[in-house]
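Geometric and topological summary
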Amino acid sequence: QTTATLGLFISLGVILATRFSVGEDAFKEWGWRIPFLLSTVLVVFSYFIRAKLHESPVFQELKASGKASTSPLRDSFMNPENRKLVILSLIGATMGQGVVWYTGQFYALYYLQTVLKVNFVTANYIVAGGLLLGTPFFILFGALSDKIGRKKIMMAGCLIAALSYIPIYKAMAIAAGYNAENPAMPLSEPNMLVLVLLIFIQVLFVTMVYGPIAAFLVELFPTKIRYTSMSLPYHIGNGVFGGLVPLIGTYFVDKTGDMYAGLYYPIAIALITFVVGSIFIKENKGTISMTQ
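This section reports on the structure supplied with the text. (Residues numbered from 1 in each chain as written. Predicted model: local features only at pLDDT ≥ 70, side-chain atom pairs only at ≥ 80, totals over all residues. Heavy atoms only, no water.)

Along the protein chain, the regular secondary structure elements total 14 helices and 0 strands. Relative to its length of 292 residues, the protein chain is compact, with a C-alpha radius of gyration of 21 Å against a globular reference of 19 Å. By its C-alpha atoms, the protein chain is 70 × 40 × 35 Å across when sized along the principal axes. Relative to its 292 residues, the protein chain shows a buried fraction of 44%. Taking the intrachain contacts of the protein chain between residues at least 6 apart in sequence as the baseline, contacts between residues at least 24 apart amount to 81%. Put simply, the protein chain shows about 15100 Å² of open surface, and 68% of that area lies on carbon and sulfur atoms. Both charge centroids of the protein chain, one from 21 positive and one from 14 negative side chains, sit 11 Å from each other. (Helix = DSSP H or I, 4+ residues; strand = E, 2+ residues; numbered from the N terminus. Rg over C-alpha atoms; globule rule 2.2 N^0.38 Å. Buried < 20%, exposed > 50% of the residue type's maximum accessible area, 1.4 Å probe, protein only. Contact = heavy atoms within 4.5 Å. Areas by Shrake-Rupley, 256 points an atom, 1.4 Å probe, with all protein chains shown as cover. Lys, Arg positive; Asp, Glu negative; His and termini not counted. Charge placed at Lys NZ, Arg CZ, Asp CG, Glu CD.)

Among the residues of helix α2 (residues 24–31), those classed as buried are A26, F27 and G31. Down the axis, α2 shows its buried residues gathered within 105° of arc, on one side only. Counted as exposed and oriented over 90 degrees from the buried face of α2: D25, K28 and E29. Looking at the buried positions of α2, the neighbouring elements they touch are α1 (2–22) and α3 (33–51). (Arc of directions from axis to C-beta.)

With that settled, the discussion passes to the packing of helix α11 (residues 213–220) against helix α12 (residues 226–242). Angle between the axes and distance between the axes: these two values describe a pair of packed helices. Running from N to C, α11 and α12 cross one another at 135°; their axes reach a closest spacing of 9 Å. Relative to α12, the element α11 is oriented oblique. Crossing of α11 against α12: the hand is right-handed. On α12, the residues that touch A214, L217 and V218 of α11 are R226, M230 and Y234. Among the residues making up the contact of α11 with α12, the classes are represented as 5 nonpolar, no polar and 1 charged. (Axes fitted to C-alpha atoms, helices over the stretch in contact; angles between N-to-C directions. Parallel < 35°, antiparallel > 145°, perpendicular 65-115°, else oblique. Left-handed = near helix turned anticlockwise from the far one by under 90°. Nonpolar A, V, L, I, M, F, W, Y, C, P; charged D, E, K, R; others polar.)

A word on the pattern of salt bridges. Pairs can form between side chains of opposite charge once their charged atoms are near each other. Taken as a whole and assessed by the stated rule, the structure comprises 4 salt bridges. Residues R150 and D146 are paired through a salt bridge, measuring 2.5 Å at the closest nitrogen-oxygen approach. One salt bridge in this structure joins E219 and R150, with 2.7 Å as the shortest N-O distance. Of this pair, E219 sits in helix α11 while R150 sits in helix α9 (residues 150–175), and the two are 69 residues apart along the sequence. On the accessibility criterion, E219 (8% relative accessible area) is buried. Three or more residues joined by partner-sharing salt bridges are found here, namely R19, E24 and K28. (Salt bridge = Lys/Arg side-chain N within 4 Å of Asp/Glu carboxyl O.)

Structure below.
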């Protein structure tokens, strides 16, 4: 979980290094392709690592006993109990986690550059600083979830984020010297220290929801259908609900003229997850079920 945000931090560094190396004009014309080409090395490296990974001991035991599912898709989605878990994990966990993750990192960068008109390099430095300060807290909240449970931390992260986003983004506008009458002419130089702190706070929300999510999903589903069952809600929650945050946020801001309208979508999704997850999902800390 830590390396997801650490990867974003490194990517910002690669982009900035490329921009400085080739120059701003060349970067806009063709240099932006260099980070994408470099990523092919990571793809190959990742493949070799994954090819050498072993199944978990619990799954190996299940397979050896002949109890592994022969049709995980059917068992995951045709069985009413398992289907209910898949839907609950999406609405009550991963979609809220996804929007908090994307808002605290990607939308924050978009907001700095596009709405507050902070220049490209400064905005990337600010987000990188917040990511660097916040990344160790993935380990902290992951470890804390081993002691007090995953659900409490994740639901708290969704609720606090939903209640805090608008005040935080208003504070970002002040710290950036935003000029409502003429956005292209800021009232003052951006206060980088305050802006880094405000990004760091948002990354803390990310660590609360994302740090425990893997263990939460592993403990929610029985071993025989775990990978299939957890993949759908995880990737829809992050790829669809989370991935749409910048697009929907941009649309709302353009349509309403309200610079904070882009936050309404993640706030609504995070609150739905808090309500559904708090009421309908039980804490399964430390539970590894082979069958159900």
